[in-house]
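Spelled out from the first residue to the last, the chains are:
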Amino acid sequence: MKIVKNIFLVLTALIFGCSEDFITKTNNDNMGEGFFNGGASNAEKMVNAAYAPLQKNGLYCRTASQLAQTRSDEARITKNTPKMQEDGVAMGTYNENANSQMAEMIWRQAYNGIFQSNVAIDNITNNKNIADEKKLQFLGEAYFLRAFYYFHLTMYFGEIIPEQTNSGESVPSPFKTDTDVWEMMVADLKQAQKNFETIGFTNAKSVGDNLGRANLGAATGLLGKVYLYNAQMKKSNSTDMLNLAKAEFKKIVDQKVGSYSLMPNYMDNFRNSTEYNSESLFEIGFMDYGTKVWEIDQDNDGGAETNRIAKNATMCDAVGEMWWNEAPTARILNEYETNNGVKDFRCYYTLWQPGGAYFNDYKLENEAVKGYVVHYENAFTDLTNTTTKWGTEYGDYRFYGWRKYGFDYNYWVKDNIDKVNKVGSDINYRYMRYADVLLMLAECEFYTGGDPKPMINQVRARANNVVPDINQSTWGNSSLPYLTSQGTLPTVENSKYSSNLEAAIQHERMVELACEATRYYDIIRWNKASLLIDLRKNGFPKANIHEIIIDPGFTGNFLLPIPQEELNRNSNIKQNNSN
Amino acid sequence: MKNYFILVFLFISIATFGQKAIKGNIVDEKGEPLIGATVVVSGTTKGTVTNIDGHYELSVSANDQELTYSYIGYLAKKILIGNKTTINVAMTPDQVSLSEIVVIGYGTTKKSDLTSSISTIKSEELSKLPVTTLEQSLQGRAAGVTVIQSATPGGGATIRIRGTNSPNGTDPLWVVDGIIGAQAPNSNDVESMQILKDAAACAIYGSRGSNGVIIVSTKKGKKGEPKMTLNSFYGWQDIKKNLAMMDGNQYIQYWQNNKAVNNYVGPNGEKYPNGLSMPARVDSALVNPGKYNANTNWLDQIYRNGSIHNLNFSISNGSETGNYFVSVDNKSQDGVQVGSGFQQTSLQVNSELKKGIFKIGENLNAKQSSAGDNGSRLQSALRQSPLLAVRNIKADGEIELWPGNTSLDNSNNPNPVADIMNHYYKNVSDVIQLAVYAEADLFKGMTFKSNYSTIIANSNDQSKGFKYLDGQAGPQNTTVSMSVNSNRSVYKQFENILTFNRSIAKHNIVLMGGYTREASAYRALNTNHSGFNVSNPETYASKEPNTSDYISGYFEETSLQSVIARATYNFNSRYYLTANVRRDGSSKFLEGHRWSTFPSVSLAWRISDESFLKNIRQIKYLKLRASYGSIGSQSGIGAYNLRSLSSSANYVFGNSTQQGITQGGIIDKNLTWETTYSSNLGFDLELFDGLLSLTADYFNKNTKGLLLNTPVPFSAGLDYRSSVFRNAGDVNNKGLEITSSIRKKLGDFSFDISANFTKEKTTVTSLIKDQIFSGATQYYSYLTNTAVGHGIGDFYGYVFNGIYQIGDKDILAGLQAGDVRYKDLNGDGKITAEDQTFIGKSVPDYTFGLTINAEWKNFDLSIFFQGVQGNQIFNHNLYHTEIFAKGFNQSTKALDAWRPDNPSTTVPRYTDQHTNNYALPSSRFIEDGSYIRLQNLTLGYTVTNSLMSKIKIDKLRFYASAQNLLTFTRYSGIDPEVNSAAPSWDNMKNTFRGIDNSLYPVAKTYVVGMELNF
């Protein structure tokens, strides 16, 4: 046969010319085949893609916040609607199983983030067409993101999860020991830090189109957080880890890795107009897509997404198409201190509540108030009216709304009426801000014998600041103290927590960072499963409080099960010891 | 197989006396010399064969009285010697099948010389069948060929040759007049079709031929008077509406039953909660049925009597210097579903010129077709509430898309009539297929042929929304959107073939070698624009551009080049050997993996010519055949699957979206060709001078390294694109094909009966890590799976085990009496995914066809049965009509649903909370799909009288025909022939087979027609 073959090849070559070219076709669609070996602008696009999963449905578009909030004690799941939300209910009540679509989505999209980070790392590392400075920046970002995704996966699914080390791997094997994933995150973040440090890529440099890119401050903050979580979640060697964490947080506070400070106004952390401010270490970027949101955010067309926390939990139901998948509990409402008859201002910034801020609802039927501000009892009629389905379903309990990450008042003016039914907002999700860093540093100080009070007091002092003059008339009763004079929160040594600084830190984190997807992880790392179980067993004081629903058999394991579909497709992976 | 023939040997000793020489020439009917014709002294083994000039010389003795002249395909002649010394003989062709010329890849051969497995269908068989597509005419005609017709107007059919050997698309390759991958021409224009089945036959087409090849030759003009033919038929179509849906009164009764259950309180105070929530309109109808019950039969509303029409005219002629054939054809069909239809006009032009050693010709097929809105609306017709009127009187007689109202009817089911009438949809396509060739007889036996072919296809479809498009009973749209999608594909093929044909003594040799190249380009442009005025659906005039407008496009190119070679040799037309080799290079694979070589070999032994069988008069012909070969496949892989595809993933930085690009997938760098190794054993037998013929083949195909887009773990990071092409498994197909026919003429009466039978079994023999490949899905559940030890896309689900009754101890948590009980296969006390199993298969064990043709004087009768046995159907319609979803209409079985006072039933209780119970894929929805169908019954009358010959009419025949006339089946759906289409993006097409999901129903067709030749 070989002879015949050769004869014909020779014959063909003689008669028709060598024709390997004839069967060489290049794909000129998309970006072309040479794209991945291209120069800096191509490399930047690869890095941009590594960010994209951050804003997908399984992560900070919606699920990351809903999951963290409803599995903690600050909010609860409220509604039982279609398939997707059955999963949400299961998550919020610790009843999820390995077939949970929501868990699968988180898993898929976080690994997608890792893959896309790896694509960038694999193709940029040895690429000679990119100037060194750009190369260091891009790789720094990709390493940061890879660690960021692994960190989330570890928190959700545990430490023995698939390790995807390069972008061509079709069946990844798991990390071998329960410390490997932590070591990998630390290594990636140190690499990122080193790169950013070399080129001085701090928040002073990440401006303009670079706003939102991971920089030295972000890498340092996340590294500190990884050390801190590691210290608390793995009992061994925790002091060393805490010291490592402290060192990282101190770099931030000492302005070694950028210039950071608390914003004068607490609300600036949750507004569209004040994104990427001096308090912000890392944000997930979202944008306003007008009325086209559903068409562009299908999670598979590469389009950037909008933040759906607003739709999920902060808009008033009268606006229509409100999902109300979750609602804050009285537990969080009651956590805010009252001093001299004045409540912690942050309570009003965080929650829609009786006597709180007004909501401008253009869609209200009542012509008299249409287009004007209304207060909680009017706007949240469903939630407050015991004769509606909410009342029937949940008895006498009252619900509150998240105001944090809600739309600015100005959103609901007549010109924007088309957007009323939109599903998301343009407000960036602040993943880590300076106040969080201060409180984490306080925690490190506390557990290593230092003094946490100065940091706690900084945060408390800022909370007393008056809301500046932004549409004050919409902020409810204009005589409310937070609009007129400084708050009255005392320093921690003069507060009721003076004798228990651990409780002080825990309290401060709960109220300062409510609705920011941190409470849940705090509960986990503080090993406070008992807190949730207590709540489950004893309930809150009966008056207008609702229970957190946790299965009575809950044993304090917070892990989500590894998706069944992954187990079906990857025989290297075993189920974790989730419930 | 036992051989019942008694072999008798006669030994004749020959006494030799005086000798004399006899010589002569043997020619065929045209006077051309016959090479290798046999001359023997009758009753002896003494003889010779003719040389290349057809000349022979033989010495005979004085005792020899008679000579027998024979040649394959010609009737034997016996001539007395007497005193002659020169005997010239003109042989007459034998009219029986063995002398047929069979077109094989890049050449022809006589059927009797075949070594591989090929079925042939001739134009005479085709012309008897009034069908609109050639594909349909293949059904039940050839063993090993499975055809599932598509009922959609203008729709083709799914054809599988020797089973399904991959979950990918496994359509056979069509080669029309040498154009590879061409569309089938009109059946009236077809001279013959050959179906190449085993590897030895298909291997010359290499990677293109791995699923079998259908070679079609269109007609050529013949010598003599110019011929004209006119064929025309007109037909009516209707469907069986045998789905027993509830009428308005039954629907009300059904809700009354439900209400009774909702309010039921047993003797011990027990209740059966979670019944259906009553739609508001039903509540009103219970009080005032006259006002709220329009009693609409939605099936009657969307189905009508269809019509079908075909007109074909051709003219042809030929001479020593050339020939031509020109045909025009027009088809039109108004489908049985309101608003559906198809129209096509086509032209076939074939001509050939001869001069000296050259022959130049072309085959041109051009057609223009248009199709209406042919998407099936059966599902929404089944679901729609009979209480609702088709037209809402209040809306000025307009047809509302949403006649109901979500809150009044618990349903957002569209009005199927409005869905058709209020939209505008049209597909227009033009296809040109052209082959131009030149042939030269270089020197004796050596021919060179160069062939250039192209297929150009343009398709354009437009759809335009109309009033009520977007809202549910909402306000009229003043403007609507239109999408226009057009695509163009261009295929080019260039072939150069050298053939050498020589017989030396008893050695007959044909050598063929050549080079071919093919290139395809495909481009598509999709646009969507809103802002059109509703008044005229055809106009393009619109308002300004809108934010939701878009244009997107696509372009791809592929190419393939091959060198081919074949050697055929036979000794004395008794021992045959054919060897093929083809080497393919494809642009789809990566450099270094592009080329692959596929050899095959086949042997045949014409055993009936051996001396020990020669004198058994009953056995006219017996040939044993064996073949083995390999064929590669690259089907299922896209043009750029192995290229670095990019995928976009944008992100917001600052306050703007920045472009993000990442790798579009993972590439398996070890990917190689999928290869099918196929062996075939068979025999051809003719008994009693052609009265009975029998062909049987056993085949065994092993397809290795299936090219499958296999799921990869999500941890590989591809998100929703979690699959990668891999050589993922092996499949075995084996089976038996038997074709038999009897023909007899008794005075004015003649008949032939032919039957074919195929038994086939497909088994997946290995898969990557014994993984199960999920197929078609519905309601988040897989309906089919592909696993080792099973077929491709076998049905997969739970085992229905009756209904829970009051007092049952084993009712699972969350369920109650009246819910469905499934078998707990693993006995863990729960019903989980592990309790699923294989519950049926869509591939039949047996397929068969039976054709009876009879002629008596001027009448001809043709009866054609075909059927399948041993397959199941997933009756997905039951998902719509027996699970009480929302306010949907139900089958009358819903009246017999489980109630506390109606416990003996297999229909579960009224509830819409069925996600984890009723709606699970289970054996409840599986039905026997076997059927026998009287596919065609035709009665014809040919007019003969003296006037006819005066006006030079050769033939005038009228006929009446019925298709799909009778179907014997136990299947409860509209029709057991279920051609379920997989979504176009799904490359696991064969896993969707056998799922009856509200398809466009197969119609009965009654036809009257005329054939006129003059």
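Residues numbered from 1 in each chain as written. Chains lettered and ligands numbered in written order. Predicted model: local features only at pLDDT ≥ 70, side-chain atom pairs only at ≥ 80, totals over all residues. Heavy atoms only, no water.

Trainee: I'm lost on the overall build of chain A in this one. Help?
Mentor: Assigned secondary structure in chain A consists of 23 helices and twelve strands. Out of the 579 residues in chain A, the part that is buried amounts to 62%. In chain A, of all internal contacts separated by at least 6 residues, the share reaching a separation of at least 24 is 70%. With the model as given, the accessible surface of chain A reaches about 20900 Å², and the carbon-plus-sulfur share is 49%. (Helix = DSSP H or I, 4+ residues; strand = E, 2+ residues; numbered from the N terminus. Buried < 20%, exposed > 50% of the residue type's maximum accessible area, 1.4 Å probe, protein only. Contact = heavy atoms within 4.5 Å. Areas by Shrake-Rupley, 256 points an atom, 1.4 Å probe, with all protein chains shown as cover.)

Trainee: I keep staring at the overall build of chain B and nothing clicks. Help me out?
Mentor: A count of helical and extended segments in chain B gives 13 helices and 54 strands. A total of 1014 residues make up chain B; the buried ones form 55% of that total. Here the analysis covers contacts within chain B between residues at least 6 apart in sequence; of these, 69% occur between residues at least 24 apart. Carbon together with sulfur atoms contributes 55% to the accessible area of chain B, which is approximately 42200 Å² in total.

Trainee: Please clarify how the nonpolar core should be interpreted in this entry.
Mentor: Inside soluble globular proteins, nonpolar side chains tend to come together where they are buried. Among the nonpolar cores identified, the biggest contains 145 residues, and A:F144, A:F148, A:Y150, A:F157, A:F282 and A:I284 are the most heavily contacted of them. For this core, the element with the highest residue contribution is helix α6 (residues 132-157) of chain A, accounting for 15 residues. Counting residues in hydrophobic clusters, the runner-up holds 46 residues, among them B:L114, B:A182, B:V216 and B:M512. (Core = buried A, V, L, I, M, F, W, Y, C linked by side-chain atoms within 4.5 Å.)

Trainee: Help me understand helix α5 (residues 101-125) of chain A, please; the structure alone is not making it clear to me.
Mentor: Given 3.6 residues per turn, any residue in an α-helix points the same way as the ones three and four places further on. Residues and elements named next belong to chain A. The terminal C-alpha atoms of α5 lie 35 Å apart, and with 25 residues this matches the ideal 36 Å at 1.5 Å per residue to within 8%. Across the 25 residues of α5, 22 count as buried, placing the element largely inside the fold. At the N-terminal boundary of α5, the capping side chain belongs to S100, with an oxygen 3.3 Å from the backbone nitrogen of M102. (Expected span 1.5 Å × (residues − 1). Polar contact = N/O pair within 3.5 Å; in protein donor to acceptor, adjacent residues only side chain to side chain.)

Trainee: I tried to follow the sheet that holds strand β13 (residues 173-176) of chain B on my own but got confused; where do I start?
Mentor: One key point about sheets: their strands pair by backbone hydrogen bonds, in either a parallel or an antiparallel sense. Residues and elements named next belong to chain B. Taking strand neighbours across the sheet as the criterion, the five strands line up as β10-β15-β16-β13-β14 in an open arrangement whose pairing is mixed. Bordering the open sheet on either side are β10 (118-122) and β14 (179-180), each of which pairs with just one other strand. Across two bridges, the pairing between β13 and β14 is antiparallel. Its bridge partner being in β14, V176 is matched across the sheet by I179. (Pairing = 2+ DSSP bridges.)

Trainee: Sorry if this is basic, but what is going on with the side chain of A:T220 here?
Mentor: Take A:T220: it is sitting in helix α8 (residues 216-233). Judged by relative accessible area, A:T220 falls into the buried class, the value being 0%.

Trainee: Even after reading the chapter, I still don't get the pairing of strand β49 (residues 859-869) of chain B, so can you show me in this structure?
Mentor: On a regular strand, one side chain projects to one face of the sheet and the next to the other, so that they alternate. All names here are of chain B. Strand direction decides the pairing type here: strand β48 (residues 846-856) and β49, joined by eleven bridges, are antiparallel. In the strand pairing of β49, F848 is matched with G867. Counting the residues between successive antiparallel strands, the hairpin from β48 to β49 contains two residues, one of them, K857, with a positive phi of roughly 50 degrees.

Trainee: How should I be thinking about the confidence of the model for chain B in this particular structure?
Mentor: Close reading of the predicted structure is inappropriate where its pLDDT is low. All names here are of chain B. In the predicted model, chain B carries a mean pLDDT of 81, and the fraction of residues at 70 or more is 88%. In the model, residues 1-17 has pLDDT below 50 throughout and makes 14 contacts with residues more than four positions away in sequence or in other chains. Here residues 468-475 scores under 50 on pLDDT; set against residues more than four positions off or in separate chains, the count is 21 contacts. The ipTM, which scores confidence in the relative placement of chains, is 0.89 for this predicted complex, and the corresponding pTM is 0.74. (pLDDT = per-residue confidence, 0-100.)

Trainee: I tried to follow the pattern of salt bridges on my own but got confused; where do I start?
Mentor: Once their charged atoms are close, side chains differing in charge can pair, the charge on each being opposite to the other. All names here are of chain A. Taken as a whole and assessed by the stated rule, the structure comprises 56 salt bridges over all chains. Residue K251 pairs with E248 through a salt bridge whose shortest N-O separation is 3.2 Å. Within this pair, K251 and its partner E248 are both found in helix α9 (residues 238-253), separated by three residues, close to a single helical turn. For K251, a relative accessible area of 30% puts it in the partly exposed group. Beyond isolated ion pairs, a larger network of salt bridges with shared partners links E279, E337, D344, R346, K404, R433, R460, R462, E508, E512 and E516. (Salt bridge = Lys/Arg side-chain N within 4 Å of Asp/Glu carboxyl O.)

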